[in-house]
Amino acid sequence: MTKKTETTINVICIAALLIVLFIMEKTLPGTSMIFTVLKKGAIYALVAVSMNLLNGFTGLFSLGQAGFMLLGAYTYGILTIPVEDRANVFLYYDGGIIQFALPVVVGLVAAGVVAAVFAYLIGLPVLRLKSDYLAIATLGFAEIVRAFFQWDKLGPLTNGSNLLRCYPSFKSVLFPFIASGICIAIIVMMINSTYGRAFKAIRDDEIAAEAMGINLAKHKMIAFVVSSFFAGVSGALLAMYQTTIQASMFKSAMTYEILLIVVIGGIGSITGSCISSFLFIALSEWILRFLDNTTYIGDVQVPFLRSGFRMVVFSIIIMIIVLFFRKGIMGDREFSVRGIYNFFTGKKKKSGGEA
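Residues numbered from 1 in each chain as written. Predicted model: local features only at pLDDT ≥ 70, side-chain atom pairs only at ≥ 80, totals over all residues. Heavy atoms only, no water.

1. Comments concerning the overall build of the protein chain
Turning to step 1, where the next piece is worked out: Helices and strands together make up the secondary structure of the protein chain, namely 15 helices and two strands.
Turning to step 2, where the next piece is worked out: A globule of 355 residues ought to have a C-alpha radius of gyration of about 20 Å, and the protein chain, at 22 Å, matches this closely.
Turning to step 3, where the next piece is worked out: Evaluated residue by residue, the protein chain yields a buried proportion of 47% over its 355 residues.
Turning to step 4, where the next piece is worked out: Here the protein chain displays about 17,900 Å² of accessible surface, and carbon together with sulfur accounts for 68% of that area. (Helix = DSSP H or I, 4+ residues; strand = E, 2+ residues; numbered from the N terminus. Rg over C-alpha atoms; globule rule 2.2 N^0.38 Å. Buried < 20%, exposed > 50% of the residue type's maximum accessible area, 1.4 Å probe, protein only. Areas by Shrake-Rupley, 256 points an atom, 1.4 Å probe, with all protein chains shown as cover.)

2. What about the state of the cysteines?
The term disulfide refers to a covalent linkage connecting the sulfur atoms of a pair of cysteines.
Turning to step 1, where the next piece is worked out: Counted under the stated rule, the structure contains zero disulfides.
Turning to step 2, where the next piece is worked out: Not part of a disulfide, Cys-274 finds its nearest cysteine sulfur in Cys-183, a span of 12 Å.
Turning to step 3, where the next piece is worked out: Residue classification places Cys-274 among the partly exposed residues on the basis of a relative accessible area of 21%. (Disulfide = S-S within 2.5 Å.)

3. Side note on helix α6 (residues 131–149)
Turning to step 1, where the next piece is worked out: Over its 19 residues, α6 extends 28 Å from the first C-alpha to the last, a length consistent with the 27 Å expected when each residue adds 1.5 Å.
Turning to step 2, where the next piece is worked out: Every buried residue of α6 is listed here: Leu-134, Ala-135, Thr-138, Leu-139, Phe-141, Ala-142, Val-145, Arg-146 and Phe-149. Projected onto a plane normal to the axis of α6, the buried residues spread over an arc of 150 degrees and lie on a single side. More than 90 degrees from the buried face of α6, the exposed residues found are Tyr-133, Ile-136 and Ile-144.
Turning to step 3, where the next piece is worked out: Tucked into the core, α6 has its buried residues touching α3 (65–80), α5 (104–126), α7 (155–158), α11 (216–242) and α12 (252–265). (Expected span 1.5 Å × (residues − 1). Arc of directions from axis to C-beta. Contact = heavy atoms within 4.5 Å.)

Okay, structure coming up:
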């Protein structure tokens, strides 16, 4: 199979997916839970892939994703609230200090840029750390940012501990898919470039990578900044999905959820992160919801079915996946058209990493 043929098939598959999503929007009720899974799954797929770029492909154990998502969400919300609505949103701060509104796309890019700038500043000291120390430092950064954005002294900019609202959101399921798809495609191209090969070399053996002439500090910083940029964009998309923003939403538990998605999908697999994102959201938000409802058969209450039991079952499912799929669902492999073609034609793959 030639590269041109593979690219053509990929384009056709993407177009077919978008057409199916469009048809679903026109035929299914807007309140259907499947749209919740699709919208939130697409957003979580982007942030999981951005974390995988850092943790899986570069070998840097960072736990600061929630903090960068918070920066992206607040940047988007603050910069896109219409001027006429600012007095109602910043009710206790005389309309806030920002008195202009940016278009949606510009706001999304700005969200990523602000997160990337903070990542660069934070990366200067923390990227000297390794392993658990780096994880603790980035987790501490995320918690500090969350507390800082709830500070009343920043109220004219962030609205303090009050909600941000009235900014543009999306109604169509196509928007998060297209936005996340473009961002993930950029990450994939980067991974397949010389930078990506340098990231993998650093992950496998820093000493050997440095001996080959790879600038460790430079490439670690690039990976950290790029990962944070797309985490910021995903934070803005999450803000659009939820229609309101409050710093208390971006707790460390959010980072742990994203890390869990990466581990379940496979550390070092873009496809795995995408699949596990939709699987995670579908199980936690939809399929297992009935376990939280108290149920009676006649006058007898069904044991265990009550509020909170859903998370118990969900945790058991996660344990089963981790026990029987030690490297995650996909491991370090990728689902590709070329891999499927080679499988059915019996040809040996020329390089590793394809399913």
